[in-house]
Amino acid sequence: MVGLGEVDLWGGELELVLARVAGRFSRVDLRWRMRDYVRGLLAAVERKNGWQLAEYAGHRGPAGFQHLLNGASWDADAVRDDLSQYVAERLGTPDGVLIVDDTGFLKKDTVSAGVQRQYSGTAGRTENCQIGVFAAYASPKGRALVLYLPKSWTADADRCRAAKIPDSRGFATKGELARAMILRALASPLPIAWVTGDCAYGQEWRMRRTLEEAGVAYVLVVPKSQQLHAPFGRIDQAIADAPDQAWERRSCGDGAKGPRLYDWAAARLPVIDVFDGDRPTHQRWVLARRSLGRPDEIAYYLAYAPNGTSVADLVRVAGSRWAIEEAFQAAKNECGLDQYEVRRYPGWYRHITLAMLAHAFLAAVAAQTTERGAAETTPPAPSASPWQKAADSWTLCCPDPYPATDQSSMP
């Protein structure tokens, strides 16, 4: 049951969100139409398309919403930036993680912006679909989709022109799109301490280098054929040489069925970069995750983290990558992220932006509700036991020009 306090909280928070972006719409009628659209995305509407949203809002037909998405004068880029600011205020923490990933939108036509037969992780097979590259922000307070850039087809200028894709949208790989999003996110108000992503993004050395130059830590999945610096060869070969005691069972976060338990091994790579003679402030790592009962099923990671970072921290960040999958599922199921009926790029861009805004609102009220509940609960007394477990990591054998003499946790 939802109490009156929660209803008041949700209503007041939604009004704040809608007021925050209202100035991005050129006319009062568009502001009211936007409010009706977002409220419809948040409502229990069976299919959140133009007709059913219009029926929920009490409109005579979908023409008003179609105009809002396709022809009205309002700044979707500015709304996207307002969304990032809102997420920073409501969910931002110093240890926040930016997660990059893509998701598919199944389509039956051939003229929608970016549609083609391609592999979709959403469907688990090759389908006629659009692929959008997104970023999500995750912190102990919650998670929300915050930035994205769509994949567009650019070889056919007439096709792009018919779909209203701007001329400035050139072809870019998923890794290039992710790198552009990360740079934009780092310039935003979002407090970002870490970046993570799957193999499609982790294997992009330019993205890893960009993060290192910016001093931002990362834990990124890489293929087993990933080459390490000499003399270590491939990452799978280096992990294969790990002693049995290097593996330790750890949880990388809670899932639907409880803690996500895997066996993990981590090794610090030797410091090879020297900047102006100063001791580097960050350390590179290799990390491996082995499934329980399936020792041949191993995921490999490259990491870059501040000196003194523990293996537990790396495991936590690696596990946070699943937050974007949960955000995709919630945004699609609860906010109609994939239930649009527009074909041209501007309409797609605007619908996705407003659906992300609706999802960010849900994440914010969930965080506020959790904080209120915690404030009303008496915390348990701290344990008086002095015993704590501290597992050491192993190190790939190579002379280190900066011995870790000042860090007792380093082997």
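Note that the coordinates shown come from a computational prediction; the quantities given were computed from them, not determined experimentally.

Conventions we followed
- Residues numbered from 1 in each chain as written.
- Predicted model: local features only at pLDDT ≥ 70, side-chain atom pairs only at ≥ 80, totals over all residues.
- Heavy atoms only, no water.
- Helix = DSSP H or I, 4+ residues; strand = E, 2+ residues; numbered from the N terminus.
- Buried < 20%, exposed > 50% of the residue type's maximum accessible area, 1.4 Å probe, protein only.
- Contact = heavy atoms within 4.5 Å.
- Areas by Shrake-Rupley, 256 points an atom, 1.4 Å probe, with all protein chains shown as cover.
- Core = buried A, V, L, I, M, F, W, Y, C linked by side-chain atoms within 4.5 Å.
- pLDDT = per-residue confidence, 0-100.
- Axes fitted to C-alpha atoms, helices over the stretch in contact; angles between N-to-C directions.
- Parallel < 35°, antiparallel > 145°, perpendicular 65-115°, else oblique.
- Nonpolar A, V, L, I, M, F, W, Y, C, P; charged D, E, K, R; others polar.
- Left-handed = near helix turned anticlockwise from the far one by under 90°.

Things to note about the overall build of the chain
Across its full length, the chain holds 13 helices and eleven strands. Counting every position in the chain, which comprises 411 residues, the buried fraction comes to 50%. Partitioning the intrachain contacts of the chain with sequence separation of at least 6 by distance along the chain shows that 66% fall at a separation of at least 24. Summed over its atoms, the accessible surface of the chain is roughly 20,500 Å², and 51% of this surface lies on carbon and sulfur atoms.

Considering the nonpolar core
Judged by nonpolar contacts, the single largest core of 101 residues is most densely connected at Val87, Leu145, Val219 and Ile352. When residues of this core are assigned to their parent elements, the largest contribution, 15 residues, is made by helix 13 (residues 345-375). Once residues within four sequence positions are removed from consideration, leucine 145 is found in contact with Leu83, Phe134, Ala135, Ala136, Ile324, Ala327, Phe328, Ala331, Leu337, Met356 and His359. Grouped together as the second largest cluster of nonpolar side chains are 16 residues, Ile235, Ala238, Ile239 and Ala246 included.

Notes on the confidence of the model for the chain
Summarising the model, the chain shows a mean pLDDT of 82, and 75% of its residues fall at 70 or more. Counting interchain partners and residues more than four positions distant, the pLDDT-below-50 stretch residues 385-392 has four contacts. This model gives residues 399-411 a pLDDT under 50, and the stretch forms 19 contacts once residues within four places in sequence are excluded.

Remarks on the packing of helix 2 (residues 28-42) against helix 3 (residues 50-57)
It is at 9 Å that the axes of helix 2 and helix 3 come closest, and there the two elements cross at 105°. Accordingly, the angle class assigned to the pair helix 2 and helix 3 is roughly perpendicular. Between helix 2, through Asp36, Tyr37, Arg39, Gly40 and Leu41, and helix 3, the contact on the second element is made entirely by Leu53, Tyr56 and Ala57. Here the residues of the contact of helix 2 with helix 3 are counted per class, giving five nonpolar, one polar and two charged.

Side note on helix 9 (residues 205-214)
Taken together, the buried positions of helix 9 are occupied by Met207, Arg208, Thr210, Leu211 and Glu212. Where helix 9 is buried, its residues contact helix 7 (174-186), strand 5 (194-197), helix 8 (199-202), strand 6 (217-222), strand 9 (282-291) and strand 10 (294-306).

Re the packing of helix 7 against helix 9
Remark: helix 7 packs on helix 9, axes separated minimally by 9 Å, with the N-to-C direction vectors making an angle of 15°. It follows from the interaxial angle that helix 7 and helix 9 lie roughly parallel. Note that helix 7 runs across helix 9; the crossing there is right-handed. Every residue of helix 9 that contacts helix 7 at Gly175, Ala178, Arg179, Ile182, Leu183 and Leu186 is listed here: Arg206, Met207, Thr210, Leu211 and Ala214.

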